[in-house]
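# Breakdown of the fold
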Amino acid sequence: MTSLILSRLVSSFIALLGAALVAFVALRLAPGDAARLTLGAFATDEAVAALRSEMGLDQSILTQFYVYIRDFFTGDWGRSYALGEPVRSLLGQRFPATLELGLYAFCMAFVSALVLALWGAHRKGPISDGVPKALGVLALGVPQFWFGLVLLIVGFEMTGLFPGPAGRLPATVTPPAGPTGMYTVDALLHGDLKTFATALHHLFLPALALGLLPFGFLYRLLRANLEDVSGAPFALVARAHGQSRLRVMVATLLPNAIIPMLTASGLIFGQLLAGSVLVERVYNWPGAGMLVTQGVLQQDYAVVQVFILLSAVIYIVTNLIVDIVAASIDPRLAKGGA
Amino acid sequence: MSGLLDIKNLEVGFGAVTAIKGISLSLYRGTRMGIVGESGSGKSTLGLATLGLLPDFARCSGEVLFDGTALHWDNDMAMAGVRGSRIGFVHQDPMGAFSPVHTIGTHLTRAYLSAHPGASKADATKAAVDRLDEVEITDAKSRLRHYPHEYSGGMRQRVMIAAALIGNPELLIADEPTTALDVTTQAAVLRVMNDVIEARGMGLILITHDLGVVAEICSEVAVMYHGELIQHVPVDQIHEKAHPYTEALLKARPRPGMRGERLPTIAELLPEGWSDV
Ligand SMILES: Nc1ncnc2c1ncn2[C@@H]1O[C@H](COP(=O)(O)OP(=O)(O)O)[C@@H](O)[C@H]1O
Ligand SMILES: [Mg+2]
């Protein structure tokens, strides 16, 4: 197990460097001059040159890359030239908002996929199997922003059960102070249950909208794998040992069927963070999505690079966790190391 | 007198196929019955039907009494109380019969705890070690922590026998327990199985296509052909009163000194015009 973690850490580090390199090169290969874009068409060439040197754009590419990596890890994330604010303070508020939304969306998707797949496999029937299957098909076929709008219409306009597209908390509630920037977590840490509940209430619809697609994917994956292993001789033998159907399903079949779902979860979670822009838009969620989209359009290097690296770190940490959990379930994975 | 196991008019179908065509058969306490027949004759289906472990789409009619009481196959909880603790089962595939992500210890303790619901974890571990000792797995205690892929085929099959016995059943149904093993390992596994069964005075249903094994271990033999029971006699009478099909089965076995000769097929050996019972 230790050697697995070590080898994963090394490959994670290489992956991180790779992600950094791709982000760095892609942005610099894009046409246009960031300094010129920042200052506008009417700025003098001297002013542009001065900004270029301030931004480090006149240095060699290698130096720029080195500075970029060094600054990221020392927490000096630079300044957004489009917005004139330090990236740290820009992303410091928005990234946790995206992360929190993504976490809730993912957990809802994962838990409901798990429960419904087990239920469907245990009680094969038109309802226990058909309803989640239909939901899964819907999830894979319907655009997330559209589903977000439908949820908004039903959950807010028609029934008033949930808050409208008003962001993370009503204006009258002061957000809890630090340390994570995720309001539900911070509220709990401060023992503020009322704010916790309010934040959760605001999270529900956007998280549902964002989580439907991963739900559909994870549900189908686990359901199919459960079906597969339920035909294995060990399923029969476990029942021959006197274990009930349900117990065999949960204690024997699930651990054998869940690994692909875990692996997929790692990938999906990264995807959620990067793909929440449209849902954030629909719910006026003050996340990183809009900021980064704008940053790409305006060649606002600093913002985009830091976002990519942050996402890469989260992605790599998630997959490291997934690998460790998977290896603790299946001993063959701990050995193989592949 | 009713037996330990009474199968009455059992009929099993899979879709258009009728795998068991109305079999009635009794097994008395302490009897060791061999069930023989070629592949597809319905031997496994008979064993699984008894335990209520046929797939959901199988059609099943007739009745099986265990110790005088009818088994209710669709009642999963009731059957869970019979499986393992009253009737043990050994599967033919020592590779596939173990969950690859669980240790051998987990398999054994779960089987023990299913048969002894109130027992402690420590009791279960102790029973697991004892049963492994019984099937001659050395260093049982540390081997409990190992995974199935760390065991050889012969060891896995002995562990499966241990797991089938850990609930202290009165009857063991062993479905081709040695088919997947090489000849030397086969002999060792059979001897171990025979010893524990004898020591406990248990009933045995040994499903096999090897008449030699039946002659060594069993007291009775039942011959199946195309889903029907065509003969059921004490093992020492199999030659005297052999049914034409049984005779063909006997002749189709390799004999010492049969070198370079092709073994005859059952079809060639059956008497002219013999098609059904
Ligand atoms: N799960 C199943 N689905 C469909 N047909 C089956 C199934 N199990 C057994 N059968 C059929 O039932 C018959 C008896 O099979 P089986 O009991 O496995 O024979 P044996 O164990 O004697 O080789 C065969 O024709 C086989 O094809
Ligand atoms: Mg068979």
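The following refers to the structure shown.

Each value, and the rule that gives it
Residues numbered from 1 in each chain as written. Chains lettered and ligands numbered in written order. Predicted model: local features only at pLDDT ≥ 70, side-chain atom pairs only at ≥ 80, totals over all residues. Heavy atoms only, no water. Salt bridge = Lys/Arg side-chain N within 4 Å of Asp/Glu carboxyl O. Helix = DSSP H or I, 4+ residues; strand = E, 2+ residues; numbered from the N terminus. Buried < 20%, exposed > 50% of the residue type's maximum accessible area, 1.4 Å probe, protein only. 1 Å grid on protein atoms, 1.4 Å probe; cavity = no way out; pocket = protein on both sides within 12 Å on 5 of 7 lines; lining within 4 Å. Points joined across faces, edges and corners; volume = space filled by probe spheres on them. Nonpolar A, V, L, I, M, F, W, Y, C, P; charged D, E, K, R; others polar.

Our focus in this paragraph is the pattern of salt bridges. All names here are of chain B. Counted according to the given criterion, the structure contains 18 salt bridges over all chains. With a closest N to O distance of 3.0 Å, E134 and R200 form a salt bridge. Remark: R200 occurs in helix α7 (residues 183-200) and E134 occurs in helix α4 (residues 121-134); sequence separation between them is 66 residues. Overall, the relative accessible area of 24% leaves E134 in the partly exposed class. Residue R200 is classed as partly exposed on the basis of its relative accessible area of 24%. Here R191 makes a salt bridge to E136, at a shortest N to O gap of 3.2 Å. With R191 in helix α7 and E136 in the loop between α4 and α5 (140-143), the pair connects residues that are 55 residues apart, well separated along the chain.

With that settled, the discussion passes to the layout of surface pockets. Empty space left among the atoms is revealed by rolling a probe the size of a water molecule over them. There is about 790 Å³ of room inside the largest pocket. Lining the largest pocket are 32 residues, and of these S230, R239 and R245 of chain A together with P55 and D56 of chain B lie nearest its centre. The set of elements that each furnish at least two residues to the lining of the largest pocket consists of α5 (87-122), α9 (193-230), α10 (233-240) and α11 (245-257) of chain A together with α1 (43-51) and α2 (76-82) of chain B. Residue contributions to the lining of the largest pocket peak at five residues, all from α11 of chain A. Partitioning the lining of the largest pocket into residue classes produces 17 nonpolar, seven polar and eight charged. Lining the second largest pocket are 29 residues, and of these M55, G78, Y81, A302 and Q305 of chain A sit closest to its centre. Those elements that place two or more of their residues in the lining of the second largest pocket are α1 (2-29), α2 (34-39), α3 (45-55), α4 (61-74) and α15 (301-329) of chain A. Top element by residues in the lining of the second largest pocket is α4 of chain A. It accounts for six residues.

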